Amino acid sequence: MCGIYGYIKASSEKKALETCLDGLQKLQYRGYDSAGVAAIHNGSILSFKTVGKVDLLTSLVKESPKELSAAIAHTRWATHGRVSSANTHPQIDYKESLALVHNGIIENYLEVKKRLESKGVTFSSETDTEVCANLISYYYDGDMLSALTRAFADINGSFAIVLMHKDFPETIYASARGCPLAIGICEISGDVYISSDSSSFSESSYSTYFLQDNEIAKVDGKTLTIYDDQAKEKKISLSPLTITENETLKDGYEHFMLKEIHEQKGLIERILHKRKKQNSFYYRELEDDKDLLNQVQHIEIIACGSSYHAGLIAKEFLEQETRIPVSVHLGSQYRYAKHLDKANTLAIIISQSGETADTLAALESRKEHFLLTIALCNVENSTLTRKADRFIPLMAKKEVSVCSTKAFTAQLLNLYLLGIHLANALGASCEKFTKELLSLPLCIESVYSKEKEIASFAKEYSSFPYFFFVGRGQMYPVCLEAALKLKEISYLPAEALPAGEMKHGPIALIDEKLATIAFLTKGEIAAKTISNLSEIRARNGRILTFGGNNHEVTKDQITFETDSLETFLTIPYSIAGQIFSYYLAKELDREIDFPRNLAKSVTVE
Ligand code: AGP
């Protein structure tokens, strides 16, 4: 999960190094432990590197020679090797002849490193990337294509690499295996952009190519040539792509996360409006699949992190309305698990980024077993949307904050609506949910109206070192998501528990230092949860409840308008949990949008 970038100027007035820095700014969601940029100047490698975020590079680059027309760059999420200047990319080979940036993991790098060291090759970093640079350099005898094909034949694992060699100061080479790499030729200037994510290209229109596994790209001037893994030139077709200035403004909010929390009401309205058909909901993307959907006997949902939680929350609703068994799987577990072959399985793959390696690997591992694969994804042209049979866009626009909020609620709502689409296709009628669903924006507004109250409790609770999140029924996976939010941005330990499970062990943790956040729904389940909370109060645990009324278990209560909701309480409650975590992390003065150690798109297994 690093961001790699390359740029070659054709006829624009742009400066190569600065253009790469602009690109890195848009790739920082992929990791921001350190950053670097390199070019070839007067026959040698010119490079600037910094530990920390891309901004720190800007002042370093200012002194660079201006006539550079090609450069490569990288923003890192550390996998092999500490966060240090030596481990920052671009990595330079032992002959100081080439600079290389890499995303992915070279699984046999130690074995290759030992072999190279035995031949006298020296190393100056702990990275697998330097092994790749040195291997290519070791094989290089003037024919770069041959050096690349030989090197790639020696390495196992996933990579997207971009490199420059001092013999060809205005040429960039690139290759990919299991990691995304997009190449865009600007239709106005002819400039060429190479990036882990095409949305990081400068605002313009492009002819674009997404590198396939083991292909090699050579870009010099405006010419793009693609070779296969035997260095044979391939005929390719380019696809049009338009980049508008993405949502990088905070619109007055202090953090992207808070801005994106507040976008959810409008987003839910847009999704409901787009999917509503007569008095129910419908997906035109599945127009031609009615016969296939009628054969579905199993539904498997595959995802990671918050996307996985969305699947867990929606599971019960999907089963109840379609009468089809639903299983929800973590991508990282699914790929290596032993599966029973179940005929006629519909796979719903959920991913905000569409680049999560665990999720993609899980899909790849069983794709031929699925009757149909549907991608619920927020990034068009991502790897997932190209691999799945159908793509349902989340419509959440760019989610900048690493901590997912609006994409998560968009996933959850789309899962509910997909369940209705499927149930309708199977002859059931789900009109009974329409009124409740259409009331969601008002309920979300009611949660927003409690923001100050939530913020005040969050401030008070920020002194606690450890948190339980408890709920019953579908509120338990809501607690899983709320606990993840807190962990991600406040760095505090938080555990989600089914409320009834506490007394089977975890209650041993209860004392005055432990804070419990409880999501209360309605009726008997709420009453049962309240009696579980009494067990906490009896042991001096502090308790904050969201929802539920007329209980004496704690005076720390936040309620909001949910009278119109029965089935879909999970969405407003999840938003309340997001707001709580946001303000608690803010009170602790955390780096909320780009938390330490995290990345927005985890493109390594
Ligand atoms: C959510 O706040 C996290 N950033 C993380 O758990 C994320 O949901 C997970 O990495 C999956 O990402 P994806 O949706 O892009 O596949």
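Up top is the structure these notes are about.
## Here we look at the sheet that holds strand 26 (residues 542-546)
- Strands sit in the order 24-23-25-26-27 across an open sheet of five strands; the sheet is parallel. Both edges of this open sheet fall to strand 24 (494-498) and strand 27 (557-558), since each of them pairs with a single strand only.
- As paired elements, strand 25 (residues 514-519) and strand 26 share five bridges and run parallel to each other. The residue of strand 26 that forms the bridge with A515 is R542.
- Taken strand by strand, helix 17 (residues 475-490) contacts strand 23 (466-471), strand 24 and strand 25, and its axis lies near 180 degrees from that of strand 24.

## Concerning the pattern of salt bridges
- Taken as a whole, this structure holds 23 salt bridges when the rule is applied.
- A salt bridge links E445 to K265, with the nearest nitrogen and oxygen atoms 3.4 Å apart. Taken together, the residues E445 in helix 15 (residues 440-448) and K265 in helix 7 (residues 264-275) connect sequence positions 180 residues apart.
- Taking relative accessible area as the criterion, E445 reaches 33% and is therefore assigned partly exposed.
- Taken together, the salt bridges that share partners define one network made up of E460, R542, K555 and D556.

## With respect to the site of the ligand
- Residues in contact with the ligand amount to 15 residues; listed here are only the nearest, S307, S351, S353, T356 and E488.
- Contacts to the ligand include S404, whose backbone N or O atom sits 2.8 Å from an oxygen atom.
- A breakdown of the residues in the shell around the ligand according to their chemical character gives five nonpolar, eight polar and two charged.

## Details of the nonpolar core
- The biggest cluster of nonpolar side chains holds 93 residues, and the ones touching the most others in it are L437, Y461, F467, F469, F546 and F580.
- For this core, the element with the highest residue contribution is helix 13 (residues 406-425), accounting for twelve residues.
- Not counting the four nearest positions on each side in its chain, F469 is found in contact with C479, A482, A483, L486, A494, E495, A496, L497, I517 and F519.

## Side note on the environment of L68
- By secondary structure assignment, the location of L68 is in the loop between helix 2 (55-62) and strand 4 (70-76).
- On a C-alpha basis, the gap between L68 and Y582 in space is 43 Å, while along the polypeptide they are 514 residues apart.
- Setting aside its immediate chain neighbours within four residues, L68 contacts K9, A16, L17, A39, I40, H41 and L46.

## Regarding empty space enclosed by the protein
- Evaluation of the coordinates by the stated rule reveals three cavities of 30 Å³ or more.
- Put simply, the largest cavity is a space of about 50 Å³.
- Along the walls of the largest cavity sit C2, R76, W77, T79, H80, H89, H102, G104, T127, D128 and T129, which together make up its complete lining.
- For the lining of the largest cavity, the secondary structure elements donating two or more residues are strand 6 (98-106) and helix 4 (128-139).

## Some words on the sheet that holds strand 20 (residues 345-351)
- Reading across the sheet, the five strands line up as 19-18-20-21-22 and stay open at both edges, with parallel pairing between neighbours. What marks the edges here is a single partner per strand, and that holds for strand 19 (326-330) and strand 22 (390-393). Ignoring strand direction, the axes of neighbouring strands in this sheet form an average angle of 20 degrees.
- Looking at chain direction, strand 18 (residues 298-303) and strand 19 are connected through five bridges and run parallel. Paired with I302 across the two strands is H329, which belongs to strand 19.

## Observations regarding the packing of aromatic side chains
- Using the criterion set out here, one finds 24 aromatic pairs in the structure.
- Plain terms: the ring middles of Y582 and Y583 are 4.9 Å apart, the flat faces sit at 85 degrees to each other, and that makes the pair edge-to-face. Summarising the burial analysis for this pair, Y582 and Y583 share the class buried.
- The side chain of R386 reaches across the aromatic face of F210, ending 4.4 Å from its centre.
- It is R596 that lies over the ring of Y491; its NZ or CZ is 4.0 Å from the centre.

## Some remarks on the layout of surface pockets
- Taken as a whole, the largest pocket spans an internal volume of roughly 900 Å³.
- Considering the residues around the largest pocket, the lining is formed by 39 residues, among which S199, N378, V379, E380 and K398 are closest to the centre.
- Considering every element that reaches the lining of the largest pocket, the biggest residue donor is strand 15 (residues 239-243), with four residues.
- Grouping the constituent residues of the lining of the largest pocket by class yields 14 nonpolar, 13 polar and twelve charged.

## A short note on the pairing of strand 13 (residues 223-227)
- When you tally the buried positions in strand 13, you get four out of five residues, the bulk of the element.
- Across five bridges, the pairing between strand 12 (residues 216-220) and strand 13 is antiparallel. Within the sheet, the bridge partner assigned to A217 lies in strand 13 and is I226.
- With antiparallel pairing between neighbouring strands as the criterion, strand 12 and strand 13 make up a hairpin whose turn holds two residues, including G221 at a positive phi of roughly 60 degrees.
- As paired elements, strand 13 and strand 14 (residues 233-234) share two bridges and run antiparallel to each other. Looking at strand 14, one finds that I226 is bridged to K234.
- Taking the residues between adjacent antiparallel strands as the criterion, strand 13 and strand 14 are bridged by five residues, where A231 takes a positive phi near 65 degrees.

## Some words on the packing of helix 3 (residues 109-118) against helix 4
- For the pair helix 3 and helix 4, the least separation of the axes is 10 Å and the interaxial angle reads 45 degrees. As far as their axial angle goes, helix 4 and helix 3 are oblique. Pair helix 3 / helix 4 crosses with left-handed handedness. Contacts between helix 3 and helix 4 pair Y109, V112, K113, R115 and L116 from the former with D128, V131, N134, L135, Y138 and Y139 from the latter.
- Counted by class, the contact of helix 3 with helix 4 contains seven nonpolar, one polar and three charged residues.

## Regarding the side chain of T373
- Its place among the elements puts T373 in strand 21 (residues 370-377).
- A relative accessible area of 1% places T373 in the buried class.
- If we ignore the near neighbours within four places in the chain, the residues touching T373 are A347, L363, K367, A388, D389 and R390.

## Regarding the environment of A483
- Topologically, A483 is positioned in helix 17.
- If near-sequence neighbours (up to four positions away) are discounted, A483 is found in contact with F469, A494, E495 and A496.

## What to know about unusual backbone geometry
- Following H89, the chain continues into P90 via a peptide bond in cis, with omega recorded as 0 degrees.
- Along the chain, P90 turns up in the loop between strand 4 and strand 5 (91-92).
- Within the chain, N42 stands out as a residue other than glycine whose phi angle is a positive 50 degrees.
- Here N42 is to be found in the loop between strand 2 (34-41) and strand 3 (44-51).
- Classification of N42 by relative accessible area gives exposed; the value is 71%.
- For D589, which is not glycine, the phi dihedral falls at a positive 60 degrees.
- Mapped onto the fold, D589 is located in the segment after helix 19 (570-587).

Thresholds, definitions, all that
Residues numbered from 1 in each chain as written. Predicted model: local features only at pLDDT ≥ 70, side-chain atom pairs only at ≥ 80, totals over all residues. Heavy atoms only, no water. Pairing = 2+ DSSP bridges. Helix = DSSP H or I, 4+ residues; strand = E, 2+ residues; numbered from the N terminus. Contact = heavy atoms within 4.5 Å. Axes fitted to C-alpha atoms, helices over the stretch in contact; angles between N-to-C directions. Salt bridge = Lys/Arg side-chain N within 4 Å of Asp/Glu carboxyl O. Buried < 20%, exposed > 50% of the residue type's maximum accessible area, 1.4 Å probe, protein only. Near = heavy atom within 4 Å. Polar contact = N/O pair within 3.5 Å; in protein donor to acceptor, adjacent residues only side chain to side chain. Nonpolar A, V, L, I, M, F, W, Y, C, P; charged D, E, K, R; others polar. Core = buried A, V, L, I, M, F, W, Y, C linked by side-chain atoms within 4.5 Å. 1 Å grid on protein atoms, 1.4 Å probe; cavity = no way out; pocket = protein on both sides within 12 Å on 5 of 7 lines; lining within 4 Å. Points joined across faces, edges and corners; volume = space filled by probe spheres on them. Phe/Tyr/Trp six-rings, centres within 6.5 Å; stacked < 30°, edge-to-face > 60°. Lys NZ or Arg CZ within 6 Å of the ring centre and 35° of its normal. Parallel < 35°, antiparallel > 145°, perpendicular 65-115°, else oblique. Left-handed = near helix turned anticlockwise from the far one by under 90°.

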